[in-house]
Amino acid sequence: MDSISLKHIKNGKLQVSIVILLAVFTILSALFALGIGSSENLDFFTTVKFIFGFEEPSDLQSAIIWEYRFPRILMAIIGGVALATAGALMQGCLGNPLVSPLTLGVASGAALGAALAIVLGFSIVSIPELAIVANSFVFSLIVVFIIIQLGKMTSLTAESYILVGIAITFICGAIVSAMQYFATDAQLSQLAHWSFGSLSRPDLADVLWISVVVIGLLPTAMKWSWDLNAISLGGDEFAITTGVDPISIRKNILILSALMTSIVIAFTGMIGFVGLAAPHMSRIIVGNDFRKLIPCSAVFGAFLMIFADTLGRTLFAPIVIPVGVMLSIIGGPFFMYLLLSKRGI
Amino acid sequence: MTFNLGKNQIVSLLGKNGAGKSTLIKCLNRILSPQSGVIKVNDKDIKDLDLVQLSKLMSYVPQSVRTNFSMDVFDVILLGRRPHIRWRVSPQDRDKVSETIRYLGLEEFSFRKFDEISGGERQRVIIAKAVVQDPDLYLFDEPTSDLDLNSQIQIMKRIRQLVSVGDTSKSALIAIHDINIAARFSDRIILMHDGGIKAYGTPEEVLTEQNIADVFGVSSELIKATENSPLRILINDEIIKFDSTDEQEVDDNE
């Protein structure tokens, strides 16, 4: 093998090693977060002893760790992985570094579903406790279905998908605003809290289900890495001449991204920034090769969520600032820094 | 429209703006679909081939590639192996890329970002990507339009090498504006006019003063090819106007 090939292999191994190190760091951060909270007798070292069986926790301590903190941190990991992966996929298939999983109207569809449940009491399932989650999930997918059907009828380009997404966001937003106008104070408060995005809503069973779905979809995301490289580098013409069908791939990726995003925000509410920022942060390390960009984005997404949630839990403890709010506070200035720095977009 | 592309040949498509040169090339590789009719390559309807099969048969070099997502030059060229790769990159794939990098003199840029190199260098990278795709036919869409004079000659020489070197049976179809470049480097020229082929043959057969006047509306002088220099066409300023009779009127700029 010649020296150029060897250098390519060496570069690739270096990037993969960095991603693995980041993943290990993220897991350690998760462990650290598990030991952080407002409980006085449950500090980091005590928690580590309980987790690894060196000491036996009390019922209260066990409940705090396994019923409160662990589902939350697991949700942070899985939610971060899902939103960041969806973000990377969408940026690639739409050829635009400024799109996020929420661009296509997935979030506004979810918000519409939640508003219908909260304000009008309309639910697509008969179990009241599942009304908001079910509505959010289904309505976000309805929005994506509409966009895909529009794409089939009119051969939408990548740019057109984005514009249609924006239009649908406005339409859904208008309907939600109208409902808010007529809502009671209690309903307004509930809707506002849903929109903040919180990792405390799903219980452990919910998080495990979400994990199964997200982990099940990840290999499919990776399968399209090569095709995304072709589409993102040179657009549809370049992709076609490299044996890639951009229209079919784009449709499939949008459906996959929507599924990953919907399953998370149906339970947590609106969480932005992660899907936009994690791929950008990853590009600094691994470049635009989606075979590495997708896993690296997933790792960064998990880390960002853990970081933001832990900060929100501890900054003004015992007051908990929802993760969606924390990410918005961190996200804006950080993204401005990325844009202005040399290694931005 | 029927034409032959011989093995080891460069065939140039010449014509006015809007004659359909780029459209023809894009229809061949299914970037565009014809409004009617069938496109056959080697007697096979190209619609019966999937995109992977088609991209093994022909590769395409556009006028330019602009991107929001830059990659290392090596990885851009490696994309040309996409029709041959299921998932994993084999040592043979990497070696093919490395060989092509050396063949096209791109060693210096192998690990630079695609958007950090010049236009001429980027064109060579895209040609390299087309080469590693290992097609039977190269399609070039105005490969010299964005390049300086030296780069234009370099690119055309590389294309000549691609179809001529070794026991390869490859061909190249090039949509091009520069009539002198076409005359110098083409084995055959297809002169397009009014939606069809006005002339097809060697540069000497096709590039006559009458054909140039009919298609481009300019008068010209031809300097015949010798052992040491190719056929050259000198374009005059005068516009040739036609009326409905056979009589030709020449505008006198003075």
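Refer to the structure presented above.
All figures in this text were calculated on a predicted structure; none of them were measured in a lab.

Peer 1: Give me the lowdown on the overall build of chain B, citing residues and values where you can.
Peer 2: Across its full length, chain B holds 9 helices and 11 strands. Relative to the globule expectation of 18 Å for 254 residues, the C-alpha radius of gyration of chain B, 20 Å, shows essentially globular dimensions. Each principal axis of the C-alpha atoms in chain B carries an extent, and together these give about 65 × 40 × 40 Å. A burial count over chain B gives 37% of its 254 residues as buried. Here the contacts in chain B between residues at least 6 apart in sequence split such that 63% fall between residues at least 24 apart.

Peer 1: An account of helix α4 (residues 91-103) of chain B is needed here, citing residue identities and associated values.
Peer 2: In this model α4(B) runs 18 Å from its N-terminal to its C-terminal C-alpha over 13 residues, within 8% of the 18 Å that 1.5 Å per residue would give. Listed as buried for α4(B) are R94(B), K96(B), V97(B), S98(B), T100(B) and I101(B). On its buried face, α4(B) sits against α1 (3-34) of chain A together with α3 (73-78) and α5 (119-132) of chain B. One or two residues past the end of α4(B) sits G105(B), with phi positive at roughly 70°.

Peer 1: Now, about the interface of chain A and chain B: what can you tell me, with residues and values included?
Peer 2: At the junction of the two partners, chain A supplies 27 residues and chain B supplies 31 residues. Elements with a contribution of two residues or more to the side of chain A that touches chain B: α1 and α9 (225-240) of chain A. No other element matches the 9 residues that α9(A) contributes to the side of chain A that touches chain B. A class-by-class count of the residues in the side of chain A that touches chain B yields 9 nonpolar, 13 polar and 5 charged.

Peer 1: Give a detailed account of the pairing of strand β8 (residues 196-201) of chain B, specifying residues and quantitative values.
Peer 2: All names here are of chain B. The sheet contact formed by strand β7 (residues 188-193) and β8 spans 5 bridges and is antiparallel. Within β8, the position partnered with I190 by the bridge is Y200. Joining the antiparallel neighbours β7 and β8 is a turn of 2 residues, in which D194 adopts a positive phi near 55°.

Calculation criteria
Residues numbered from 1 in each chain as written. Chains lettered and ligands numbered in written order. Predicted model: local features only at pLDDT ≥ 70, side-chain atom pairs only at ≥ 80, totals over all residues. Helix = DSSP H or I, 4+ residues; strand = E, 2+ residues; numbered from the N terminus. Rg over C-alpha atoms; globule rule 2.2 N^0.38 Å. Buried ≥ 20, exposed ≤ 12 C-beta atoms within 10 Å, placed from the backbone. Contact = placed C-beta atoms within 7 Å. Expected span 1.5 Å × (residues − 1). Nonpolar A, V, L, I, M, F, W, Y, C, P; charged D, E, K, R; others polar. Pairing = 2+ DSSP bridges.

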